[in-house]
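# Overview (structure and organization)
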Amino acid sequence: MPKTYFRILLLLIITGCSSTKNAKFDDYIFKTKSEKQAYINSYDKALKLWDIPHSEENIKTSYGTAHVILAGPKNGKDLVLLHGMDASSTMWYPNIKPLAKNHRIYAIDFMMEPGKSTLTSKSLSSEDIVILYNEIFDHYKLKKFDIVGASRGGWIATLLATQKGNSIDKVVLLSPAQTFKFIDKVGKTTSALMLKLFPSEKKFGKTLNTFSSHPEKISPVYKKQFYLANKYAKSNSSMFKMHPFSDDELKLINSPVLVLIGDHDVINSEESLERAKKYLIKAKTQTIKDAGHFLSIDQSKIVNDAMIDFLE
């Protein structure tokens, strides 16, 4: 019943926002030019929170333009960062300094979410997502690289790691959504769905309290961007396509995998870690105390230390 309730709410959101598709402004994510520009302005301000030298590039792919943020030493080991849902690559601001110390960073904005990437094709299937990211990896000639994925980004990282002949060395999954099991506490996550349907500052605050054990740690600058992502972006059906991976699919992953979840996470539970340990060939798991789904912000130092220790 909880899964059905969750899907019905998603359907309501999608149909409730479908009328925006008839607007003259043709953009997969945003409803108007002014709203898109307001979001981009907030993105640029949030990116300054990285506080390290970086550059931004737009890469043409078969599905549109992929926006990639590059940082770290050019001779460092390549590390791809895949952000959480609606979070964009700016979300890595509490983690980027230690990650970029010895790694060459490639932070990619997902085309089907608010960010600076632009989707010009239809909604992406799982097969399309694999092709898209492999085109980006080929563009940068990435071989034997590491990958860190948070929430939906963790699901994408897992999808890529299951592919035969992939070039991924190590994988870090930060509370990956819909990866080892369906959402753990569906009832508590409805605040995020209601925020999409009826965006308001009050609902946004409630959502942060649900997904973060320490929302006070989230930068006000980043909060503004994250709120505009929820307020201005159209909803889409892509969540319907995210299903937990089967036992056999997980067994295909030969790379060492680190799975981290917060002890107050509403997306995953210890059950997720047990399944990871059972079916991933080289799994390491850890529960981060006093952390929610936004564990990379809630307990950034502990998460950063765990990632660096695993990757290096």
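This text follows the structure it describes.
Since the model is a prediction, treat every value here as computed from it, not as a measurement.

Note on placement: Asp265 falls in the loop between β8 (257-262) and α10 (270-279). Residue classification places Asp265 among the buried residues on the basis of a relative accessible area of 1%. A polar side-chain atom of Asp265 sits 2.9 Å from the main-chain amide nitrogen of Ile267.

Strand β4 (residues 103-108) sits mainly inside the fold: six of its six residues count as buried. The side-chain alternation of β4 yields two buried faces, one formed by His103, Ile105 and Ala107 and the other by Arg104, Tyr106 and Ile108. For the handedness criterion, the β-α-β arrangement of strand β3 (residues 77-82), helix α3 (residues 96-102) and β4 is classed as right-handed.

Mapped onto the elements of the fold, Pro220 is located in helix α8 (residues 220-232). Residue classification places Pro220 among the exposed residues on the basis of a relative accessible area of 67%. Between the C-alpha atom of Pro220 and that of Ala46, which follows or precedes it by 174 residues, the distance is 9.1 Å.

A separate point is the pattern of salt bridges. Summed over the entire model, instances satisfying the criterion amount to 13 salt bridges. Ionic pairing is found between Asp128 and Lys122, a salt bridge with its closest N-O pair at 2.9 Å. Residue Asp128 is classed as buried on the basis of its relative accessible area, which comes to 10%. Look at Lys122 and you get exposed, because its relative accessible area is 55%. In this structure, Arg275 and Asp247 form a salt bridge, with 2.7 Å as the shortest nitrogen-oxygen distance. Within this pair, whereas Arg275 is found in helix α10, its partner Asp247 is found in helix α9 (residues 247-251), the two being separated by 28 residues in sequence.

Parameters at a glance
As a convention, each chain's residues are numbered from 1 in the sequence order in which they are written. At least 70 in pLDDT is required for a residue's local features to be given in this predicted model, at least 80 for side-chain atom pairs to be given and counted, and no such filter applies to totals for whole chains, interfaces and linings, which use all residues. The basis for the side-chain values is all heavy atoms of the structure; hydrogens and waters are excluded. The helix count covers DSSP runs of H or I at least four residues long, the strand count covers runs of E at least two residues long, and both are numbered beginning at the N terminus. Only protein chains enter the calculation, and the probe is 1.4 Å; a residue is then buried if its accessible area is under 20% of its type maximum, exposed if over 50%, and partly exposed in between. Two N or O atoms form a polar contact when they lie within 3.5 Å of each other; inside protein one atom must be a possible hydrogen donor and the other a possible acceptor, and for residues adjacent in sequence the pair counts only when both atoms belong to side chains. When the strands point away from the viewer and the connection leading from the first strand across the helix to the second strand turns clockwise, the crossover is called right-handed. What makes a salt bridge here is a side-chain nitrogen of Lys or Arg within 4 Å of a carboxyl oxygen of Asp or Glu, nothing more.

That is the geometry; function is a separate question.
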